[in-house]
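# Architecture at a glance
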Amino acid sequence: MRVLVTGGAGFLGSHLCERLLKDGDEVICLDNYFSGKRANVAHLRDNRNFELIRHDTVEPILLEVDRIFHLACPASPVHYQYNPVKTIKTSVMGTINMLGLAKRVRARILLTSTSEVYGDPEEHPQTESYWGHVNPIGVRACYDEGKRVAEALMMDYHRQNKVDTRIVRIFNTYGPRMAINDGRVVSNFCAAALRGEDLEIYGDGKQTRSFAYVDDIIDAIVRMMNQEDHIGPINIGNPNEFTISELAALAIDLTRSASKLKLMPARPDDPVRRKPDISLARKVLKWEPKIPLREGLCKTIEHMRTELGIVSA
Ligand SMILES: NC(=O)c1ccc[n+]([C@@H]2O[C@H](COP(=O)([O-])OP(=O)(O)OC[C@H]3O[C@@H](n4cnc5c(N)ncnc54)[C@H](O)[C@@H]3O)[C@@H](O)[C@H]2O)c1
């Protein structure tokens, strides 16, 4: 297979490129390096089945490919709120361009949507049939609503133009190569604990999240692309819930840090609870996450330690 991975130099994209090359595919990695970096795929450069292209998905491109994994979009609030208009353009125009390409070359296309389409959910856990509770004018809207439009576009190109589409809704994912400065809770806590700084908790720390390790999520994405029965959307994530305070304590424990917890005011539009119902993924993809939080965090911390140049305790 000739496969295009947009956003391939990002956190998830770089792991996906690695996995596809292992599976024997020819991989074209496309990125504008807004929140990703060449270093994330530097180890793949010498593989003769790997090609790296600098391109912005907001502009059209013509490539002969069989499959498109469409990941290009900044995923952390720090990055997507830096230039919110550009974030919406990336979700809307970028997805139109990739769907246009899929239509033209008859490629199957998969969109990495997000649990953020559920907003601050009134249903718990969230199933795919829940339509969400999103603030359309809030500071997160550029991302949440952008992805909702991207999903709508996928479904319309499927219904109107018979494009072969797949949608996954990814819940919080962590692992090596997540950007240290991305403002997300796992990277914040691990980096702060490694540096011996306070771990800042927004709100009372009782809000829960589910955290999936990157290898589990990549496996689900590849399974979704390869199966014929369901176009999605399908939730993929880890349904084990942890409070933010529990995560902080674990980060301190695993880094053997002397850091303390510091309570900060809650952030606007920050959901109180979010947990995936993955019954559909279990049934359709024959998949469920395998890597426990403690094990995944250890690998993440080791990688971060190297990146930060901090010698093992
Ligand atoms: N990591 C998560 O927890 C998570 C959760 C839900 C959904 N997702 C989705 O998965 C995808 C990848 O997320 P990630 O965590 O790897 O984020 P990331 O920011 O590390 O990767 C996104 C990549 O897309 C590139 N990009 C952004 N705008 C672009 C544009 N206009 N043209 C070309 N490239 C562009 C960035 O440079 C980056 O390399 C995103 O679509 C995101 O919405 C991620």
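Reading guide: rules and limits
- Residues numbered from 1 in each chain as written.
- Predicted model: local features only at pLDDT ≥ 70, side-chain atom pairs only at ≥ 80, totals over all residues.
- Near = placed C-beta within 6 Å.
- Helix = DSSP H or I, 4+ residues; strand = E, 2+ residues; numbered from the N terminus.
- Domains from an automatic or database assignment.
- Contact = placed C-beta atoms within 7 Å.
- Nonpolar A, V, L, I, M, F, W, Y, C, P; charged D, E, K, R; others polar.
- Pairing = 2+ DSSP bridges.
- Axes fitted to C-alpha atoms, helices over the stretch in contact; angles between N-to-C directions.
- Expected span 1.5 Å × (residues − 1).
- Core = buried A, V, L, I, M, F, W, Y, C linked by C-beta atoms within 7 Å.
- Buried ≥ 20, exposed ≤ 12 C-beta atoms within 10 Å, placed from the backbone.

Take the site of the ligand next. As a structural note, the neighbourhood of the ligand is formed by 29 residues, with Gly7, Gly10, Ser35, Gly36 and Ala75 the closest of them. Among the elements that take part in the shell around the ligand, helix H1 (residues 11–22) stands out by supplying 3 residues, more than any other.

Per the domain assignment, the segments of the protein chain are domain 1 (2–173 + 212–236) and domain 2 (175–209 + 240–274 + 291–308). Placing a centre on the C-alpha atoms of domain 1 and another on those of domain 2 gives a separation of 25 Å. The interface of domain 1 with domain 2 comprises 24 residues on the first partner and 17 residues on the second. Here the side of domain 1 that touches domain 2 is built from residues that sort into 8 nonpolar, 12 polar and 4 charged.

As summarised here, the arrangement of the 7 strands in space is S3-S2-S1-S4-S5-S6-S11, forming an open sheet in which the pairing is parallel. Both outer strands of the open sheet, strand S3 (50–54) and strand S11 (234–236), are each paired with one neighbouring strand and no more. Neighbour-to-neighbour, the strand axes of this sheet turn through a mean angle of 20°, independent of strand direction. Here strand S1 (residues 2–6) pairs with strand S4 (residues 67–70) via 4 bridges, running parallel. Looking across to S4, one finds that Thr6 is bridged to His70. Along the sheet, H1 makes contact with S1, strand S2 (26–31), S3, S4 and strand S5 (108–114), crossing S2 at roughly 165°. Across the sheet, helix H4 (residues 141–161) touches S5 and strand S6 (165–170), and the angle it forms with S5 is around 155°.

Below, the discussion takes up H4. When the terminal C-alpha atoms of H4 are compared, their 28 Å separation across 21 residues agrees well with the 30 Å that a helix rising 1.5 Å per residue should span. Structurally, H4 contributes buried residues whose contacts are with helix H2 (77–80), helix H3 (84–105), S5 and S6. In the segment just after H4, Lys162 is the residue with positive phi, at about 60°.

Within the largest apolar cluster, 77 residues are counted, with the highest numbers of intra-cluster contacts made by Val5 and Phe189. With 8 residues, helix H5 (residues 185–195) is the largest single contributor of residues to this core. Two domains each put at least three residues into this core: domain 1 (2–173 + 212–236) and domain 2 (175–209 + 240–274 + 291–308). When sequence neighbours within four positions are dropped, the list of residues in contact with Phe189 reads Leu199, Leu247, Ala248 and Ala251.

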